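# Fold and geometry: a report
Chain by chain, the residues:
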Amino acid sequence: RKEVEQDPGPFNVPEGATVAFNCTYSNSASQSFFWYRQDCRKEPKLLMSVYSSGNEDGRFTAQLNRASQYISLLIRDSKLSDSATYLCVVVRLRDYKLSFGAGTTVTVRA
Amino acid sequence: GAGVSQSPSNKVTEKGKDVELRCDPISGHTALYWYRQSLGQGLEFLIYFQGNSAPDKSGLPSDRFSAERTGGSVSTLTIQRTQQEDSAVYLCASSLGGGNHNYGYTFGSGTRLTVV
């Protein structure tokens, strides 16, 4: 079983729509969680950290469910510029090694 | 520097040749990762350096691959006797490491390696 699993999508949504997707992780001793964004042929860039109580950054909301071992990302009022692959990252407590999911592709259409 | 710097940005090499890829992390970052990414694929973990600890080499695909990190800063990934399947973008990332991992990881723009 992979350490981090994501629905690859693609999620095709119209502008203005809300889109949400999850990421599950297998190691209960995971310490930290992040969402990264990767545009085509570019390097991944940090979108936001994920905190236990959930957190928002503008139109983006991240949630963590430790009991069920998943994190989620919700994008409200989607923009064309939100089209990208969203990577889930989990940091292992033991040695702070990070593991990436394979990514969820989101395409926002006009 | 302000960000993670990788060089070269592009490298075309003949099959069988050795290549060296360089990563210059953000100053003060103790954790450094190498990943590779083939077109349309996810990130494949290669190696992880954390401070003075022995590196986690569990992701290196074969003994043709090696990496070192001198002085806890610059890292070099070496691929010997390159094969066509080695063609990919090689990405380096660094972070403050240890208990400061909550600050996330910064990626360099990668080295696009093409083996012909």
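Anything mentioned here points back to the structure above.
So, here is what we can say about the structure in this document. Keep in mind that this is a model prediction, so the values were computed, not measured.

The subject of this paragraph is the overall build of chain B. Along the backbone of chain B there are zero helices and ten strands. Taken over the C-alpha trace, chain B has a radius of gyration of 14 Å; the compact-globule value for 116 residues is 13 Å, and the two agree within 12%. Seen through its principal axes, chain B has C-alpha atoms that stretch 40 × 25 × 25 Å. Looking at chain B as a whole, 49% of its 116 residues qualify as buried. Of all intrachain contacts in chain B linking residues separated by at least 6 positions in sequence, the fraction that spans at least 24 positions is 55%. Taken as a whole, chain B presents about 5,400 Å² of accessible surface, with 43% of it coming from carbon and sulfur. Mean positive and mean negative side-chain charge positions of chain B (10 and 10 charges, respectively) differ by 3 Å.

Scanning chain A from N- to C-terminus turns up zero helices and eleven strands. Written out in order from the N terminus, the α and β elements of chain A read β-β-β-β-β-β-β-β-β-β-β. Since a compact globule built from 110 residues should have a radius of gyration of about 13 Å, the 13 Å found for chain A is in line with a globular shape. Projecting the C-alpha coordinates of chain A onto the three principal axes gives extents of approximately 45 × 30 × 20 Å. When each of the 110 residues of chain A is scored for burial, the buried share is 47%. The long-range fraction of contacts in chain A, counting pairs at least 24 apart against all pairs at least 6 apart in sequence, stands at 56%. For chain A, the accessible area works out to roughly 5,400 Å², and carbon and sulfur atoms hold 47% of it.

This part is about the state of the cysteines. By definition, a disulfide is the covalent link that joins the sulfur atoms of two cysteine residues. Enumeration over the complete set of coordinates arrives at two disulfides over all chains. Shown here is the disulfide that connects Cys23 of chain A with Cys88 of chain A, its sulfur atoms set 1.9 Å apart. Its S-S torsion of about -65° marks the bond between Cys23 of chain A and Cys88 of chain A as left-handed, since a negative value means left-handed. Here Cys88 of chain A lies in strand β9 (residues 84–92) and Cys23 of chain A lies in strand β3 (residues 19–25), a separation of 65 residues in the sequence. Here Cys23 of chain B is linked by a disulfide to Cys92 of chain B, with a sulfur-sulfur distance of 1.9 Å. Taking the torsion about the S-S bond as the criterion, the Cys23 of chain B to Cys92 of chain B disulfide, at about -65°, is left-handed.

To continue, consider unusual backbone geometry. At the junction of Gly9 of chain A and Pro10 of chain A, the peptide bond is cis and its omega measures out at 5° in the coordinates. Position of Pro10 of chain A among the secondary structure elements: in the loop between β1 (4–6) and β2 (11–14). Of note, Arg81 of chain B is a non-glycine position whose phi angle comes to about 50°, a positive value. Within the secondary structure, Arg81 of chain B sits in the loop between β7 (75–79) and β8 (88–95).

The next subject is the pattern of salt bridges. Residue and element names in this part refer to chain A. Applying the stated rule across the entire model yields eight salt bridges over all chains. Residue Arg37 is joined to Asp39 by a salt bridge in which the shortest nitrogen-to-oxygen separation is 2.8 Å. In this structure Asp39 comes out as partly exposed when scored by relative accessible area, which is 31%. For Arg76, the salt bridge goes to Glu56, with nearest N and O atoms at 3.6 Å.

One key point about sheets: their strands pair by backbone hydrogen bonds, in either a parallel or an antiparallel sense. All names here are of chain A. Spatially, the five strands line up as an open sheet ordered β1-β3-β8-β7-β6, and their pairing is antiparallel. Both outer strands of the open sheet, β1 and β6 (55–57), are each paired with one neighbouring strand and no more. Averaged over all pairs of adjacent strands, the angle between their axes in this sheet comes to 20°, without regard to strand direction.

With that settled, consider the sheet that holds strand β6 (residues 65–69) of chain B. All names here are of chain B. If you trace the four strands from one edge of the open sheet to the other, you get β1-β3-β7-β6, paired in antiparallel fashion. The open sheet has two edge strands with one neighbour each: β1 (5–7) and β6. In this sheet, adjacent strand axes meet at a mean angle of 15° when their direction is disregarded. With five bridges connecting them, strand β3 (residues 19–24) and β7 associate as antiparallel partners. Its bridge partner lying in β7, Leu21 is registered against Leu77.

Cut-offs and rules
- Residues numbered from 1 in each chain as written.
- Chains lettered and ligands numbered in written order.
- Predicted model: local features only at pLDDT ≥ 70, side-chain atom pairs only at ≥ 80, totals over all residues.
- Heavy atoms only, no water.
- Helix = DSSP H or I, 4+ residues; strand = E, 2+ residues; numbered from the N terminus.
- Rg over C-alpha atoms; globule rule 2.2 N^0.38 Å.
- Buried < 20%, exposed > 50% of the residue type's maximum accessible area, 1.4 Å probe, protein only.
- Contact = heavy atoms within 4.5 Å.
- Areas by Shrake-Rupley, 256 points an atom, 1.4 Å probe, with all protein chains shown as cover.
- Lys, Arg positive; Asp, Glu negative; His and termini not counted.
- Charge placed at Lys NZ, Arg CZ, Asp CG, Glu CD.
- Disulfide = S-S within 2.5 Å.
- Salt bridge = Lys/Arg side-chain N within 4 Å of Asp/Glu carboxyl O.
- Pairing = 2+ DSSP bridges.
- Axes fitted to C-alpha atoms, helices over the stretch in contact; angles between N-to-C directions.

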